[in-house]
Amino acid sequence: MTDIKKASNLIEKALKDNGITKAAWSTGMSETSEFNAENEGFNLYRTLYDVHYSLSVYVDGRKGSVAGNDLSEEALENAVKEAAASAAAAPVDEAHDIAPFAGRETFIHGAVSCDEEALFSRTKELCDTIRGEYPKLLLGSTMGKHVYEHSLYRNTSGTEFETKEGSYSLMAEFAGNDNGRTTGIDGAGIETNDLSSPVIDKGSFRQHLQSAVAQLDQTELKGKFTGPVIFSPDCTAQMMYFVRSCFLSGAVVLDGTGIWNDKLGQQVADPAVTLRIVPADSRVAGVCDYTEEGFRARELPLIENGILKNQIIDLYTANKTGREPSRCGGAMIMEAGKTPVAELIRGIERGLLVGAFSGGEPGANGELSGVAKSAFLIENGQVTGAVSETMISTNIANMLMNVRGISSETCEDGASVLPYLAVNGVTISGK
């Protein structure tokens, strides 16, 4: 087994030997146990091992970084020299920095050891259940995996964070297939620390399976109209990623393109919207103990009752702008509403239920246009059928101000916790 502490010590020694007084580095190893099933049976079980390091050095206001997967003494000594050479070739920018001393701690999280019997049993059960309960689906690749990660972060401020963590992930690919009719490939997956119950009932597995069957009977939507759209939790995740990228990131703060840059403390969304980043939550498999910069991670409210509370300010952006660094990391969680999704559907005269979005990222102003995937027409309060090649366009900033409702149900897939999000004023275009 690789000694990552020894590797970290070698980097520290090489830094001192090269006269580098400001740096941050990490070393780590991972062990992956993986079952794979294809067609009618299992075809692979394997265990994979990996080692890795990353290093950033700061010399005379210049930053240089390297990463690799060789933890030998020679490789690590060369890595320090390469990082120093990279810094020497970089422009001077005093905003590059590392966090001050944040402590020395050891963290142990999740399923650090693999229960191979339980992993195999749940993976087989997933395959058998899909074949048994969804005969109109063709099951493709199915995977059950356990990953254990042991990592060590250090910096020249004296911070040391050692982490031992593990989790299971299970995923399946499938497509509708019935009497010559087929659909495109869909998939679903979850991450979990607990295999005590069937995984098909976790996350959005059932939603994806049922949607794939329903897509066998697609019709073409005719015409164009403006109406309400309900985004599935998976699609809500995409929308919130766009919100984060366009309006909340340090990049848009720095370049001045973020249209929310001057809206802290102001309403940017319907009062029903509360969105936050949390380092740990019982509904999420992973835990974020510290940031890439070496801060202890903390919870960050982004939007509370529609009010913009924070943008995500990394240390570099903080030094450039004079703002405080966010020191956040972890999972995105949107608070559930009080209305069941079935009731949200019943209240719509004509609209769309969208499972996923396919298209480019919106522009800096939030304008978004693309294809609604796994989409279903809603008419007179009922889902009437799957529709194909349907386009949607909206502005995501305006969309958040036009929230129609948020479901009381949430999807907990081990990586985030998100509800169905219903919004008004979306342009829906068929052929």
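The sections below set out a description of the structure shown in this document. No experiment lies behind these values; they were computed from the predicted model shown.

### A short note on the packing of helix α1 (residues 4-17) against helix α2 (residues 73-89)
One way to put it is that α1 packs onto α2 with a least axis distance of 9 Å and a crossing angle of 40 degrees. Compared by their axis directions, α1 and α2 come out oblique. Classified by chirality, the crossing of α2 by α1 is right-handed. Every residue of α2 that contacts α1 at Ala 7, Leu 10, Ile 11, Ala 14 and Leu 15 is listed here: Glu 73, Leu 76, Glu 77 and Val 80. Here the contact of α1 with α2 is composed, by residue class, of seven nonpolar, no polar and two charged.

### Quick look at the packing of aromatic side chains
In this structure the tally under the stated criterion is 11 aromatic pairs. Between Phe 42 and Phe 120 the ring centres are 4.6 Å apart and the planes differ by 40 degrees, which places this aromatic pair in the tilted class. In this pair, Phe 42 is assigned in strand β2 (residues 41-59) and Phe 120 in helix α3 (residues 116-133), connecting sequence segments 78 residues apart. With a centroid separation of 6.2 Å and an interplanar angle of 20 degrees, the aromatic rings of Tyr 153 and Phe 161 are classed as stacked. An identical accessibility class is assigned to Tyr 153 and Phe 161; each is buried. Grouped by ring-pair contacts, the aromatic residues Phe 35, Phe 42, Tyr 45 and Phe 120 constitute a single cluster. The side chain of Arg 350 reaches across the aromatic face of Phe 225, ending 4.2 Å from its centre.

### Examining the environment of Gln 267
Mapped onto the elements, Gln 267 comes out in the loop between α6 (250-255) and β11 (275-278). Residue Gln 267 is classed as partly exposed on the basis of its relative accessible area of 43%. Measuring from C-alpha to C-alpha, the distance between Gln 267 and Glu 304 comes to 9.2 Å, with 37 residues separating the pair along the chain. At 3.0 Å, the side chain of Gln 267 and the backbone oxygen of Ala 269 are in polar contact.

### A closer look at a negative patch on the surface
Together, Asp 70, Glu 73, Glu 74 and Glu 77 make up a region of like negative charge exposed at the surface. Tracing the sequence through the fold places Glu 74 in helix α2.

### A few points about the nonpolar core
Counting 46 residues, the largest nonpolar core has Phe 231, Met 239, Met 240, Trp 260, Leu 352 and Ile 396 as its most contacted members. Here the element with the most residues in this core is helix α5 (residues 233-248); it accounts for eight residues. Every residue in contact with Leu 352, bar those within four places of it in the chain, is listed here: Pro 228, Val 229, Ile 230, Ala 372, Ala 375, Phe 376, Leu 377, Ile 378, Val 387, Thr 390, Ile 392 and Ile 428.

### Comments concerning the pattern of salt bridges
Under the defined criterion, the tally for this structure stands at 20 salt bridges. Ionic pairing is found between Asp 17 and Lys 13, a salt bridge with its closest N-O pair at 2.9 Å. Pair noted here: Asp 17 and Lys 13 are both in helix α1, with a separation of four residues, about one helical turn. According to the relative accessible area criterion, Lys 13 is partly exposed, its value standing at 47%. Glu 160 is paired through a salt bridge with Arg 154; the nearest N and O atoms lie 2.9 Å apart. Using a relative accessible area of 25% as the deciding quantity, one classes Glu 160 as partly exposed. Taken together, the shared-partner salt bridges in this structure form one network comprising Lys 136, Asp 178, Arg 181 and Asp 217.

### With respect to α2
The end-to-end C-alpha separation of α2 is 25 Å, in line with the 24 Å expected for 17 residues at 1.5 Å each. Listing the buried residues of α2 in full gives Ala 75, Leu 76, Ala 79, Val 80, Ala 83 and Ala 87. Down the axis, α2 shows its buried residues gathered within 145 degrees of arc, on one side only. Of the exposed residues in α2, the ones pointing more than 90 degrees away from its buried face are Glu 74, Ala 88 and Ala 89. Residues of α2 that are buried in the fold lie against α1, β2 and β3 (62-68).

### What about the pairing of β2?
Note that strand β1 (residues 23-38) and β2 share 16 bridges and pair antiparallel. Each bridged residue has a counterpart across the sheet, and for Ala 37 the counterpart in β2 is Phe 42. Two elements, β2 and β3, share seven bridges in a ladder whose sense is antiparallel. Residue pairing for β3: Ser 54 is matched across the bridge by Ala 67. In this structure, the hairpin formed by β2 and β3 is closed by a connection of two residues, where Asp 60 is found at a positive phi of approximately 55 degrees.

### What about the environment of Ser 374?
With respect to the element layout, Ser 374 can be found in strand β16 (residues 367-379). In this structure Ser 374 comes out as partly exposed when scored by relative accessible area, which is 24%. Separated by 93 residues in the primary sequence, Ser 374 and Asp 281 have C-alpha atoms spaced 29 Å apart. When sequence neighbours within four positions are dropped, the list of residues in contact with Ser 374 reads Asp 186, Ser 211, Gln 215, Leu 353, Val 354 and Gly 355.

What counts, and where the lines are drawn
Positions within a chain are numbered from 1, following the residues in the order the chain's sequence is written. At least 70 in pLDDT is required for a residue's local features to be given in this predicted model, at least 80 for side-chain atom pairs to be given and counted, and no such filter applies to totals for whole chains, interfaces and linings, which use all residues. Water and hydrogen atoms play no part in the side-chain values, which are based on all heavy atoms of the structure. The axes used here are C-alpha line fits, helices contributing only the stretch in contact, and every angle between their N-to-C directions lies in the interval 0 to 180 degrees. Helix numbering and strand numbering both begin at the N terminus, where a helix is a DSSP run of H or I of at least 4 residues and a strand a DSSP run of E of at least 2. These descriptions rest on fixed angle ranges, namely under 35 degrees for roughly parallel, over 145 for roughly antiparallel, 65 to 115 for roughly perpendicular, and the rest for oblique. We call a crossing left-handed when the near helix sits turned anticlockwise from the far one by less than a right angle, and right-handed when that turn is clockwise. By the convention used here, residues are in contact when the closest approach between their heavy atoms is within 4.5 Å. Under this grouping Gly is polar, as are all residues other than the nonpolar Ala, Val, Leu, Ile, Met, Phe, Trp, Tyr, Cys and Pro and the charged Asp, Glu, Lys and Arg. Two aromatic rings from Phe, Tyr or Trp, using only the six-membered ring of Trp, form a pair when their centres are within 6.5 Å; if the ring planes differ by under 30 degrees the pair is stacked, by over 60 it is edge-to-face, and anything between is tilted. With a 1.4 Å probe rolled over the protein chains alone, any residue whose accessible area is under 20% of its type maximum counts as buried; one over 50% counts as exposed, and the rest are partly exposed. Charge over a ring is defined by NZ of Lys or CZ of Arg lying within 6 Å of the ring centre and within 35 degrees of the ring normal. Nitrogen and oxygen atoms within 3.5 Å of one another constitute a polar contact, given that in protein one can donate a hydrogen and the other can accept it, and given that sequence-neighbouring residues count only through two side-chain atoms. Exposure above 30% relative accessible area and the absence of a salt bridge qualify a residue for a patch, where like charges join within 9 Å and nonpolar side chains (Val, Leu, Ile, Met, Phe, Trp, Tyr) within 5 Å. Under the convention used here, a 1.4 Å probe and the Shrake-Rupley method define accessible areas, while residue burial counts only the protein chains that appear. What makes a salt bridge here is a side-chain nitrogen of Lys or Arg within 4 Å of a carboxyl oxygen of Asp or Glu, nothing more. Working convention for charge: Lys and Arg count positive, Asp and Glu count negative, and His plus the chain ends are omitted. Every charge is mapped onto a representative atom, which is NZ of Lys, CZ of Arg, CG of Asp or CD of Glu. Note on terminology: a nonpolar core comprises buried Ala, Val, Leu, Ile, Met, Phe, Trp, Tyr and Cys residues joined through side-chain atoms within 4.5 Å. In this scheme, a helix's expected span is set at 1.5 Å multiplied by one less than its residue total. Directions from the helix axis toward the C-beta atoms define the arc. Here, any two strands with at least 2 DSSP bridges between them count as paired.

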